[in-house]
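What follows is the residue order along each chain.
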Amino acid sequence: MKVYEALAAAFAAEGTTDVFGMMGDANMHWMNALAGHGTRLYEVRHEGAGLSMAHGYARASGRPGVVTTTSGPGVSQLATSMIVASRARIPLVAFVGETPLGDESAVQYLDQRRFAAAIECEFFHVAKADSAIEVVRNAFHLARTQSRPVMISVPIDVQLQEFDDDLPYSPSTELLRTPKLLPHPERIEQARELIAASKRPVIIAGRGARQAGAAEEILALQQRTGALLATTLQAKNWLYGRTDYHVGIAGLFGSKVAMEMLQEADCVIAVGASLNHYTIESGYLFPDAKFVQIDTAPNVVMGNGRVADCYVQADAITGLTALTGALEPDGLEGFHTADVHRRLTAPLVDPAEYRRNPGLLDPREAIAVVDEELPGEIGLVLGSGHQTDFGTMLFQRSREVTSNYGMFGAIGQAPLLTVGAVVAKGEPMFVVEGDASFLMHLSEFETACRYGLPVLVVVMNDEGLGAEYHKAAAKGLDPALAVIPTPELGVVAQALGGGGATVRTVDELRAALGKYVRAPRPTVIDVRITRDVLSVPYRRIQYGEDV
């Protein structure tokens with residue numbers, strides 16, 4: 001057996017069923033061996049795009065995503081996407097080839113260890129044959145336990161050496177059989193006292209709570225405490241429709257009603273949420289509140305530089321069950337009043353406010369139509385940038401939502417994440433992205449077409465760099481410099497082998513969405529929108545408006 005064969009067998013034993021990347025001299029032997037184990041290989045048009053697909057796969061599946069590249073330039077193409085994955089704390093393993101050991105004169109030579117450090121990923125080097133299997137196990141273990149990307153770099157000459165170890169491989173998953181983390185009784189009592197002394201509690205559910213499947217436990221605590229239920233951006237719309245007192249996102253992307261109500265809170269109970277500065281507006285959103293935090297991490301510093309008044313280290317389900325059981329069964333009224341319910345059920349945007357220019361839709365109306373026409377079982381990925389802000393705030397239907405907002409501020413990632421997520425789930429998904437962001441990796445729509453992946457890309461197209469257009473206007477600069485005309489993207493999508501439409505009216509948008517729902521396939525809907533509408537977050541940030 002060759003080293004590359006042993007490495008491929010180890011990856012397969014770790015549960016690798018799908019790999020994204022591009023073949024080259026320094027990884028082709030490994031890819032061929034892995035295909036022999038039944039692993040599906042998704043050839044992409046750019047290595048960085050493959051990493052982002054592996055990122056989306058990891059988010060959707062809960063397992064480490066896997067990407068592969070050849071040596072040198074193949075590795076260097078990973079830079080932006082790797083930093084995004086690192087900032088998002090994504091478990092991911094990159095198998096990268098390397099030029100022959102010690103040959104710094106090779107055309108594709110790169111000091112890949114130093115490069116990995118610069119792009120914020122862990123690095124493992126297979127410098128000798130007998131270390132290969134241990135490296136794979138350690139890399140997957142680190143990715144799984146620390147939720148971060150890892151690079152395994154293997155020189156091509158080492159890959160071609162003989163591997164003599166015939167012992168059965170023990171995957172890293174066998175090292176992860178740990179019991180649930182039980183909360184300390186004193187911390188539960190301390191949390192109980194804080195909640196019992198409050199009159200206006202709020203529960204903030206984060207991505208960790210959603211991944212733990214703690215829905216019923218959160219709803220039970222909410223019922224007992226009379227709390228409002230808010231989510232972080234990464235758990236947007238989770239449990240919406242399961243309670244009458246869901247206030248939406250806490251933070252910059254929250255509605256005006258949410259902002260007003262959350263500022264009244266005197267106790268915040270965070271579950272699987274880091275309470276970063278986006279969620280608590282650096283402390284301004286909850287000025288008078290005490291904080292109870294339930295998380296598996298040893299401790300977390302909040303976005304205002306403080307630690308919680310009571311920190312309960314426990315998994316979400318165990319911690320919530322213990323806390324709810326400690327509270328009085330009669331419960332509190334809290335926010336559960338008829339007036340609060342009335343305010344929460346009012347429309348976020350009055351249709352009378354829509355601005356329709358000839359041949360252009362109001363982005364808020366477009367989002368409302370998309371939310372209405374696409375069934376809740378179709379998951380959503382949100383990009384970043386001004387045009388995505390409308391969907392981030394205004395999508396209301398309960399569906400699984402993944403947001404790429406704030407993770408290194410890199411545009412163009414969301415459609416790639418969606419491709420990986422569709423591979424993981426085997427189900428249709430849609431992504432909302434701006435035109436500049438989508439065009440950045442247009443070639444990967446062809447990848448989706450080639451593999452028949454039912455990805456719907458809704459392009460909120462204002463023909464320009466939307467964020468820069470509005471920032472320039474706010475700063476007294478020339479916004480016209482951020483205007484970039486685009487072709488009809490529906491026609492482009494058809495040319496690449498998928499479905500597509502360019503829409504300028506509500507009826508055209510409904511028809512295009514209906515066609516996708518009836519027969520999901522790789523599709524781009526180019527939604528032409530007016531630049532006359534500024535999103536709420538930008539009105540707050542750029543003009544200080546209370547909206």
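Structure's up top.
Reference entry: report on the structure contained in this document. None of these values were measured; they are calculated from a predicted model.

## Some remarks on the pairing of strand E5 (residues 122-125)
(1) Moving on: As judged from the 4 bridges shared by E5 and strand E6 (residues 149-155), these two strands associate in the parallel manner. Residue pairing in the sheet places Glu-122 in a bridge with Val-150 of E6.
(2) Moving on: Between the parallel elements E5 and E6, the chain passes through helix H7 (residues 132-146) in a crossover that is right-handed.

## Quick word on the pattern of salt bridges
(1) Moving on: Tallied over the entire structure, the rule returns 25 salt bridges.
(2) Moving on: A salt bridge links Glu-365 to Arg-356; the shortest N-O distance between them is 2.7 Å.
(3) Moving on: When its relative accessible area of 9% is taken as the criterion, Glu-365 is described as buried.
(4) Moving on: We classify Arg-356 as exposed; its relative accessible area is 52%.

## Side note on the sheet that holds strand E4 (residues 92-98)
Sheet strands associate in pairs through backbone hydrogen bonding, adopting either a parallel or an antiparallel arrangement.
(1) Moving on: Read from one edge of the open sheet, 6 strands run E2-E1-E3-E4-E6-E5, paired in parallel fashion. Two strands lie at the open edges of the sheet, namely strand E2 (40-43) and E5, each paired on one side alone. Between one strand axis and the next, the sheet turns by 25 degrees as a mean value, whatever way the strands run.
(2) Moving on: Across the sheet, helix H3 (residues 47-61) is in contact with strand E1 (18-21), strand E3 (65-69) and E4; its angle to E3 comes to roughly 170 degrees.

## So, the packing of helix H16 (residues 363-373) against helix H17 (residues 386-394)
(1) Moving on: Orientation of H16 relative to H17, taken along the N-to-C sense of each, is 50 degrees, at an axis distance of 9 Å. When the interaxial angle is binned, H16 and H17 end up oblique. Every pair of crossing elements has a handedness; the one defined by H16 and H17 is right-handed. Residues Pro-363, Arg-364, Ile-367 and Asp-371 of H16 pack against Phe-390, Gly-391 and Leu-394 of H17.
(2) Moving on: Looking at the contact of H16 with H17 residue by residue, the class counts come to 4 nonpolar, 1 polar and 2 charged.

## Considering the layout of surface pockets
(1) Moving on: Reported here for the second largest pocket is a volume of approximately 860 Å³.
(2) Moving on: What lines the second largest pocket is a set of 42 residues, and nearest its centre among them are Ser-255, Pro-347, Leu-348, Val-349 and Leu-394.

## Considering the pairing of E1
(1) Moving on: Because side chains alternate across E1, one face comprises the buried residues Asp-18 and Phe-20, and the other comprises Val-19 and Gly-21, equally buried.
(2) Moving on: As for the winding sense of the linkage, the β-α-β connection from E1 through helix H2 (residues 28-35) to E2 is right-handed.
(3) Moving on: With 2 bridges joining them, E1 and E3 adopt parallel strand pairing. Residue Gly-21 lies in a different strand from E3, and its bridge partner there is Thr-68.

## Here we look at the packing of helix H11 (residues 215-225) against helix H14 (residues 316-326)
(1) Moving on: Relative to each other, H11 and H14 sit at 25 degrees, their axes nearing to 9 Å. On the basis of the axis angle, H11 is roughly parallel to H14. Relative to H14, the crossing made by H11 is left-handed. When H11 is examined against H14, the residues Glu-217, Ile-218, Ala-220, Leu-221 and Arg-224 are found in contact with a partner set consisting of Ile-317, Leu-320, Thr-321, Leu-323, Thr-324 and Gly-325.
(2) Moving on: Class assignment for the residues of the contact of H11 with H14 results in 6 nonpolar, 3 polar and 2 charged.

## Points about empty space enclosed by the protein
(1) Moving on: Tallied over the full model, the rule gives 2 cavities of 30 Å³ or more.
(2) Moving on: Computed from the structure, the largest cavity encloses a volume of approximately 90 Å³.
(3) Moving on: What lines the largest cavity is simply Gly-412, Pro-415, Leu-416, Val-419, Ser-437, Phe-438, His-441, Glu-444, Phe-445, Ala-448, Val-455 and Val-457.
(4) Moving on: Counting residues per element, the ones that place at least two in the lining of the largest cavity are helix H18 (414-425), helix H19 (435-440), helix H20 (443-450) and strand E16 (455-461).

The rules behind these values
Residues numbered from 1 in each chain as written. Predicted model: local features only at pLDDT ≥ 70, side-chain atom pairs only at ≥ 80, totals over all residues. Heavy atoms only, no water. Pairing = 2+ DSSP bridges. Helix = DSSP H or I, 4+ residues; strand = E, 2+ residues; numbered from the N terminus. Right-handed = clockwise from strand over helix to strand, strands pointing away. Salt bridge = Lys/Arg side-chain N within 4 Å of Asp/Glu carboxyl O. Buried < 20%, exposed > 50% of the residue type's maximum accessible area, 1.4 Å probe, protein only. Axes fitted to C-alpha atoms, helices over the stretch in contact; angles between N-to-C directions. Contact = heavy atoms within 4.5 Å. Parallel < 35°, antiparallel > 145°, perpendicular 65-115°, else oblique. Left-handed = near helix turned anticlockwise from the far one by under 90°. Nonpolar A, V, L, I, M, F, W, Y, C, P; charged D, E, K, R; others polar. 1 Å grid on protein atoms, 1.4 Å probe; cavity = no way out; pocket = protein on both sides within 12 Å on 5 of 7 lines; lining within 4 Å. Points joined across faces, edges and corners; volume = space filled by probe spheres on them.

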